[in-house]
Amino acid sequence: MDKLTFPENFMWGAAASSYQTEGHNTNCDWYVEEINDKKLLLENRRLTDICGQACDHWNRYKEDYDIAEKIGINIYRTSAEWSRVFPDENQEDPAAIAHYRQMFTDLKKRGIKLMLCLHHFTLPLWISRKGGFENKSYIIENFRVYAKRVVEALGDLVDYWLPVNEPNIVAMMCYLVGKFPPYKIDKQKFRKVLQTVLEIQLIAYDIIKNSFPNAPVGAALAFQHYQPYRPGSRKDIYYANLEFNKMNRWFLEGLESGRLQTRKRRNKNKIHKGIDFIGVNYYTSSYLKSGKPAPFKDGEVFTDMGWLVYPQGLYDVLEYAHNNFNVPVIITENGAATIDEDFRIWFISEHLKAVHKAVEKGFDIQGFMYWSLTDNYEWERGYTKKFGLAKVDFDTQERILKRGGEWYAGVIKQNGFIPKS
Ligand code: BGC
């Protein structure tokens, strides 16, 4: 096959988050619940480990940036930890802010751009104790203070912003399937929380733009992709679309009016408020039969998360974004949990083929970020799932570039690759 070449200036990156890598974020809901209530956690999640030291990225960030440089990425995505910046209500930690400044200055000196997320799943404990996302006015008021402080203290180092990682997953995992704190299953709360996160997105957008009018602010959704179990069934197609809309469209189209867009179709020609780009986090697809989850099919392939590998889904999502919005797209997460490096290479190349096809069609896709730079703490699965381009030995904290990481380095160097098939 011919080489697939990506556009000039295409951004090649890797992503991570504060809680999953930094270690000892002792003032947030996840950490405290893991330490204090393991029984509750084991009931709610398939947790095997507590986060603890994670990758000790807080202290070893230079080692991780060395790996980033070795791979050759030109953009790194991570988050600031709200509970570090504000360990308590109205009580900021100047040392933590100074440390972030030091970290990000080091990154930027290496010629690597920074995409910074303000909230990646964890809440300060003092917020969660007052109801978290359910206490709308309280969380909004305090998020405003936090966002302003980060923008003021670190904004000059940030190239791209994401106010909230995966607003749809925050709402879904915390309030629809109950796997993330506060582990609730309540459809009404799910909607309300999604609405709150939407407002947070709009508030953060204004705060950032006020100080840095040219800094792109995006929204990174975990795009949920559904396939009709019976491809010819109108019922299955109807339900696959319905779920897709609820999980992906409501939020993005709601930004225009500030309300979740559950009914009317939006005016496609409008430029959206509250986003300059769409961040696509894409991992997998699932089947729906008459609206209910349906089994996978013979011969299908899965990652170690048990997630179906379905690169066509990434293309479908990119096409949806292109057809419905007037903003560029950056793939802000895509990757595989695996201990087989041939599998990882195959997984990335299949997904990059889908990205390339979308680029060829003329969709405005500006970059691709692999999840994740290093192995790290995988939420309800602990340390058992290996997404990294580099291995972390969690006993010694040694980092070792994997074969998948070497392969990705080659792709970046050539700004493309020759697919095997
Ligand atoms: C999240 C990451 C997570 C990854 C794999 C994404 O939804 O943003 O934090 O590690 O999926 O589960």
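It should be emphasised that the depicted structure is a prediction, and the values quoted were computed from it without experimental measurement.

A. A look at the overall build of the protein. Counting its secondary structure elements, the protein contains 14 helices and 15 strands. Since a compact globule built from 421 residues should have a radius of gyration of about 22 Å, the 20 Å found for the protein is in line with a globular shape. Scored against the burial criterion, the 421 residues of the protein give a buried share of 61%. Taking as baseline every contact in the protein between residues at least 6 positions apart, the subset at least 24 positions apart corresponds to 76%. Surface summary for the protein: the accessible area is close to 17200 Å², and the carbon and sulfur share equals 48%. The distance from the centre of the 57 positive side-chain charges to the centre of the 53 negative ones in the protein is 7 Å.

B. Inspection of the packing of helix α6 (residues 94-109) against helix α8 (residues 136-154) at higher detail. At a closest axis distance of 10 Å, the pairing of α6 and α8 adopts a crossing angle of 45°. Classified by the interaxial angle, the pair formed by α6 and α8 is oblique. In the crossing of α6 with α8, the sense of the turn from one axis to the other is right-handed. Two secondary-structure elements touch here, α6 through I97, Y100, R101 and F104 and α8 through R149, A153 and L154. Its residues assigned to classes, the contact of α6 with α8 comprises 5 nonpolar, no polar and 2 charged.

C. Quick look at the sheet that holds strand β4 (residues 113-119). Read across the sheet, 8 strands follow the order β5-β4-β3-β2-β12-β11-β8-β6 without closing on themselves; strand pairing throughout is parallel. Where the open sheet ends on each side, the last strands, each with one partner, are β5 (160-164) and β6 (218-222). Within this sheet the neighbouring strands show an average axis-to-axis angle of 20°, counted without direction. In the packing of helix α13 (residues 341-360) onto the sheet, the strands contacted are β2 (11-15), β11 (329-334) and β12 (365-371), and the crossing angle to β12 comes to about 165°.

D. Quick peek at the layout of surface pockets. By volume, the largest pocket is sized at about 1300 Å³. In terms of lining residues, the largest pocket is bounded by 46 residues, among which I169, M172, M173, Q224 and W307 are the most central. Mapped by element, the contributors of at least two residues to the lining of the largest pocket are α9 (167-175), β7 (225-228), α11 (234-254), β9 (285-289) and β10 (292-294). A total of 4 residues in the lining of the largest pocket trace back to one element, the largest contributor, which is β9. Counted by class, the lining of the largest pocket contains 24 nonpolar, 11 polar and 11 charged residues.

E. Examining the packing of aromatic side chains more closely. Taken as a whole and judged by the stated rule, the model has 41 aromatic pairs. Ring geometry for W82 and W126: centres 6.4 Å apart, planes at 85°, overall edge-to-face. Placement of W82 in helix α5 (residues 82-85) and of W126 in helix α7 (residues 125-128) is noted, with a sequence separation of 44 residues between them. A network of ring pairs unites the aromatic residues Y19, W30, F121, F180, Y377, W379, Y383 and F394 as a single cluster. Here the guanidinium or amino end of R84 rests over the ring plane of W58, the centre of that ring lying 3.8 Å away. In this arrangement the basic side chain of K357 is found over the ring face of Y315, its NZ or CZ atom lying 4.2 Å from the centre.

The rules behind each value
Residues numbered from 1 in each chain as written. Predicted model: local features only at pLDDT ≥ 70, side-chain atom pairs only at ≥ 80, totals over all residues. Heavy atoms only, no water. Helix = DSSP H or I, 4+ residues; strand = E, 2+ residues; numbered from the N terminus. Rg over C-alpha atoms; globule rule 2.2 N^0.38 Å. Buried < 20%, exposed > 50% of the residue type's maximum accessible area, 1.4 Å probe, protein only. Contact = heavy atoms within 4.5 Å. Areas by Shrake-Rupley, 256 points an atom, 1.4 Å probe, with all protein chains shown as cover. Lys, Arg positive; Asp, Glu negative; His and termini not counted. Charge placed at Lys NZ, Arg CZ, Asp CG, Glu CD. Axes fitted to C-alpha atoms, helices over the stretch in contact; angles between N-to-C directions. Parallel < 35°, antiparallel > 145°, perpendicular 65-115°, else oblique. Left-handed = near helix turned anticlockwise from the far one by under 90°. Nonpolar A, V, L, I, M, F, W, Y, C, P; charged D, E, K, R; others polar. Pairing = 2+ DSSP bridges. 1 Å grid on protein atoms, 1.4 Å probe; cavity = no way out; pocket = protein on both sides within 12 Å on 5 of 7 lines; lining within 4 Å. Points joined across faces, edges and corners; volume = space filled by probe spheres on them. Phe/Tyr/Trp six-rings, centres within 6.5 Å; stacked < 30°, edge-to-face > 60°. Lys NZ or Arg CZ within 6 Å of the ring centre and 35° of its normal.

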